[in-house]
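One letter stands for each residue in the lines below.
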Amino acid sequence: MLAGKFGPLATTACLASLAACTAIDSVSLFEQPAPEPEPKYRAEITETEFGIPHIVAADYGSLGFGEGYMAASDHVCNISHITMRAKGELSRYLGPGEDNENFLSDYAVRGLGLLQRYEVGYDKQSEELQGLLEGYAAGFNKYLAEYEASGEEIHWCHGEDWVQPLSSRDIYARARYTAETLPRLGGALFAAAPPTASQDAKIVDDKILKASLDAITQRGFGSNAWAIGSEWSESGGGMLLANPHYPWFGSNRFWEKQLTIPGEINAYGVSLIGTPGVLIGFNKDIGWSHTVSASQRLVPYALTLSDSDPMKYYFDGEQRDIEARAVNIPVKGSDGEITDQPATMYFSHQGPIVMFPGMDWTETRAFAMRDANRDNDNTLAQWFAMGRADSMDSLIDAHRQWNALPWVNTIATSREGHATYIDNSTVGHLSEEAIAAWKQSYANNPTIKQAYDDRRLTILDGSKSENDFLEDGAPIPGTAPFDHRPRITRRDYVFNANDSYWLSSPREPLTGFSPLYGPTETARSLRTRMNVLHLERPSSNGTNSKWSMEDIQTAILSNESYSADVFKAELITLCEANTDRFDARVCDTLAAYDGHLNIESTGAALFREWLYAYRVLSEQTDTPLFSTPFSADDPVNTPSGIGNDDTALTALESAVEILSKAHIAIDAPLGDVQIAIRGDKRIPMHGGFGIEGNANLIDQRGNDTTGPFPKSNEIEPYSNLTDKGYPVSGGTSFIMTLSYDENGPAAEAFLTYGQSGEPDDENYSDQTKLFAQKAWRKVRFSPEDIAEGAVRTFVVEGG
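Computed from a prediction, not measured in an experiment: that's the story for all the values here. (Residues numbered from 1 in each chain as written. Predicted model: local features only at pLDDT ≥ 70, side-chain atom pairs only at ≥ 80, totals over all residues. Heavy atoms only, no water.)

## Concerning the overall build of the protein
A tally of regular secondary structure across the protein gives 24 helices and 31 strands. The C-alpha atoms of the protein give 29 Å as radius of gyration, which agrees with the globular expectation for 799 residues (28 Å, within 12%). The C-alpha extent of the protein, read off along each of the three principal axes, is 115 × 70 × 55 Å. Out of the 799 residues belonging to the protein, those deemed buried represent 59%. (Helix = DSSP H or I, 4+ residues; strand = E, 2+ residues; numbered from the N terminus. Rg over C-alpha atoms; globule rule 2.2 N^0.38 Å. Buried < 20%, exposed > 50% of the residue type's maximum accessible area, 1.4 Å probe, protein only.)

Pasting the structure below:
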């Protein structure tokens, strides 16, 4: 054969050298190019209704590749933007921002050393997780290259210079950034400067400092979650309600998917966009959700400073230096030029110095802030292990092994019918001596008490080593060991709605944990109390006192207002006794109000505006909000009742006035004024604000990106009413009901704002319409269900 093709020389070459023969045979013999190498990554994807991908791969790199590709197709802009934020590059590309928000964010990232921590943390990840991250980045980059080559302009960030290929370390940085709270305190960090410093803190005003305070408690981020056990479940298996309350715009949206490696993992659920894996969801054996914990991940230390030098503090009787770290922030000017802006961040050994109102850096005192998540590199590993758990025991073991959820509770159920609550949020490990000393300060020092009660701040004496975090072998240095964290498993139910662990089961209250996990035997929020009533009320869970999935759905979207239960009857009586102050229609409207927050509920806006005015007037006049005080013996029904009749009547006059100013009829159906703006669509929306004590929470939030966002102008600063009514921009986001029976898991859900981040995409508003109608959609998990709902099936390869 060789002689026929190449003649005698080829034969001689083969005989003389096996290597030469091999070379001729593979390169020249058949006169064709070498075959293309097999792609490194390959994922099979079935997309079902509403744009939800079901991704199957043979290895973690390929699984990440498929997820990164599909996530980019929906959110290339939001993923790029949050990555830019995580890397401290907002000012480089977008300038200092309104109120210097970009600058302060970058200052925090760079001053806290997050860029260095990303590198250290990434190298600690397992080979599987690094493969997942590498694949995710490669999939993102494949989509980006295809999009840029297409010439289309379908994404809102088209042509922006900050939309760039990402590395696996960039993807890790996005996930790692989520774990910490301190980076969101840029204003409080920048404002902290010694009395003699030249750093210009004038760019930090009260509004920015308030945003820092809100960030400490994750204000605006909340959730409900229920786990129902076998004793209360109609099917005999476990049941779950997942109901995180998150923004509808920007980078903190959820994105839905199913991730499968046959024989290794098969998990369905959501993650924050740009984060690989399933953060809230289920597999064939367990389902779980999260709620933002009431724990305190940040602990302020009061430093006693040297009489002669405010850059020195006392620690165990000796002086230590406050370290000044120079920071350079690249900032794009109005002329397009990028210059490095120098700044300084100050540190004690506990952490960076911060400044809040009442917590100033004076000649004698400063405050350092320790973040328990400072060394938390294990969050992805924790979720990764949870997604592969095959029982409640193994789910709990995943928490015990990694101990790394940054700021959330876990509420979980199992195929066998367990219901488990764990506050596995990462808090500092305090000694018994430190806790005892703090409790004494709380009892005797009004400032310490107010900081804890109003701001969730447990201020410790920073001059004594006994108050430092203990390091005794926990996976994350200085954090509470797993056995020191609140946990309970039952066969009826457990739940959480963002209050502390105390009433996770009202039938078995928990106490005795570190004050960093939040207060016990104190008043619960109206929403927490509404959740308990839903769970305990016989009418909620069917005629046989067992819960079905339909029962859960009916209860959570009933939109009953607990504030109406508490106040409405008394307010009607007051109104009818003071007809000289009100048009008769006011009292009639209150009497006709059904006490719910459904689209058809008339009078809901009037009652809502009364609530806002009543709360602010009670604060201004220092009159009690409730007539019956809180009782730890009856935490669901107390406090209650109108606290001051005159305040209530004045508030009702204010409510009528503000609706008139907004040109809204006092008896307008809620759906006429409460709307979700999705692109060019205005969709009437049900649900209530936090003040109303409605389990189905909706709210109004901003946008942390430069993407599309419907702007409106407030009518009064104390109310959520705007010139566009009540535009919904946050709250109930991914809401899922799950039930296990002999056939495995069955689930129904909404991703309330849709899967896509592009207003012109059909998947931007399709689920918003369903949610408005309370028309739950089936979650497709089994191969048969996926095939039935398939819109397209294809393969993505690359790498």
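Now, onward.
## Considering the state of the cysteines
Here the structure, examined in full by the defined rule, presents two disulfides. The disulfide bridge from Cys77 ends at Cys157, spanning 2.1 Å between sulfur atoms. In this structure the cystine formed by Cys77 and Cys157 twists about its S-S bond by roughly -85°; its chirality is therefore left-handed. Within this pair, whereas Cys77 is found in helix H4 (residues 60-86), its partner Cys157 is found in the loop between helix H8 (127-150) and helix H9 (168-179), the two being separated by 80 residues in sequence. (Disulfide = S-S within 2.5 Å.)

## So, unusual backbone geometry
Generally, phi is negative for residues other than glycine and the peptide bonds are trans, each holding for most cases. Thr638 connects to Pro639 through a cis peptide bond whose omega is -5°. Structurally, Pro639 can be placed in the loop between strand S21 (626-628) and strand S22 (640-642). The phi dihedral of Glu521 is positive, around 55°, even though this residue is not glycine. Relative to the helices and strands, Glu521 is located in the loop between strand S20 (493-496) and helix H16 (526-536). Of the residues examined, Glu521 reaches a relative accessible area of 49% and is grouped as partly exposed.

## Brief notes about the packing of aromatic side chains
Applying the stated rule across the entire model yields 30 aromatic pairs. Seen in terms of ring centroids, Tyr301 and Phe469 are 6.4 Å apart; in terms of plane orientation they differ by 55°. Their pairing is tilted. With Tyr301 in strand S9 (residues 298-304) and Phe469 in the loop between strand S18 (460-461) and strand S19 (487-490), this residue pair connects regions lying 168 residues apart in the sequence. Side by side, Tyr301 and Phe469 carry an identical accessibility label, which is buried. One aromatic cluster in this structure is built from Phe567, Tyr593, Phe607, Trp610, Tyr614 and Phe626. Across the ring face of Phe347, the terminal group of Arg325 is positioned such that the distance to the ring centre comes to 3.7 Å. The ring of Tyr764 carries the charged tip of Arg678 above its face, separated from the ring centre by 3.9 Å. (Phe/Tyr/Trp six-rings, centres within 6.5 Å; stacked < 30°, edge-to-face > 60°. Lys NZ or Arg CZ within 6 Å of the ring centre and 35° of its normal.)

## Notes on the pattern of salt bridges
Scanning all chains against the criterion turns up 36 salt bridges. Where Glu788 meets Arg780, a salt bridge forms, and the shortest distance between an N and an O atom there is 3.0 Å. Taking relative accessible area as the criterion, Glu788 reaches 58% and is therefore assigned exposed. On the accessibility criterion, Arg780 (11% relative accessible area) is buried. Each of Arg117, Lys124, Arg176, Glu180 and Asp377 takes part in a single network of salt bridges with overlapping partners. (Salt bridge = Lys/Arg side-chain N within 4 Å of Asp/Glu carboxyl O.)

## Quick notes on the pairing of strand S10 (residues 312-315)
Burial along S10 is one-sided: Tyr313 and Phe315 are buried, and none of Lys312 and Tyr314, which face the opposite way, are. Direction of pairing for S10 relative to strand S11 (residues 318-321): antiparallel, over a ladder of four bridges. Bridging across to S11, Tyr313 finds its partner in Arg320. (Pairing = 2+ DSSP bridges.)

## Quick word on the confidence of the model for the protein
Mean pLDDT over the protein works out to 93, with 94% of the residues at or above the 70 mark. Low pLDDT (under 50) marks residues 1-30, which in the prediction has 21 contacts with non-local residues, meaning those over four places away or in another chain. (pLDDT = per-residue confidence, 0-100. Contact = heavy atoms within 4.5 Å.)

## Things to note about the side chain of Gln350
The residue Gln350 is located in the loop between strand S13 (338-347) and strand S14 (353-354) in this model. For Gln350, a relative accessible area of 2% gives the class buried. There is a polar contact of 2.5 Å between the side chain of Gln350 and the side chain of Ser348. A polar contact is formed between the side chain of Gln350 and the backbone oxygen of Gly462, at a distance of 3.2 Å. The contact partners of Gln350, leaving out residues within four places of it in the chain, are Tyr301, Leu303, Tyr313, Phe315, Ala368, Met369, Arg370, Arg374, Gly462 and Asp468. (Polar contact = N/O pair within 3.5 Å; in protein donor to acceptor, adjacent residues only side chain to side chain.)

## Focus on the sheet that holds S9
Strand order in the open sheet formed by four strands is S14-S15-S9-S18, with mixed pairing between adjacent strands. Of all the strands in the sheet, the pair left with one neighbour each is S14 and S18.

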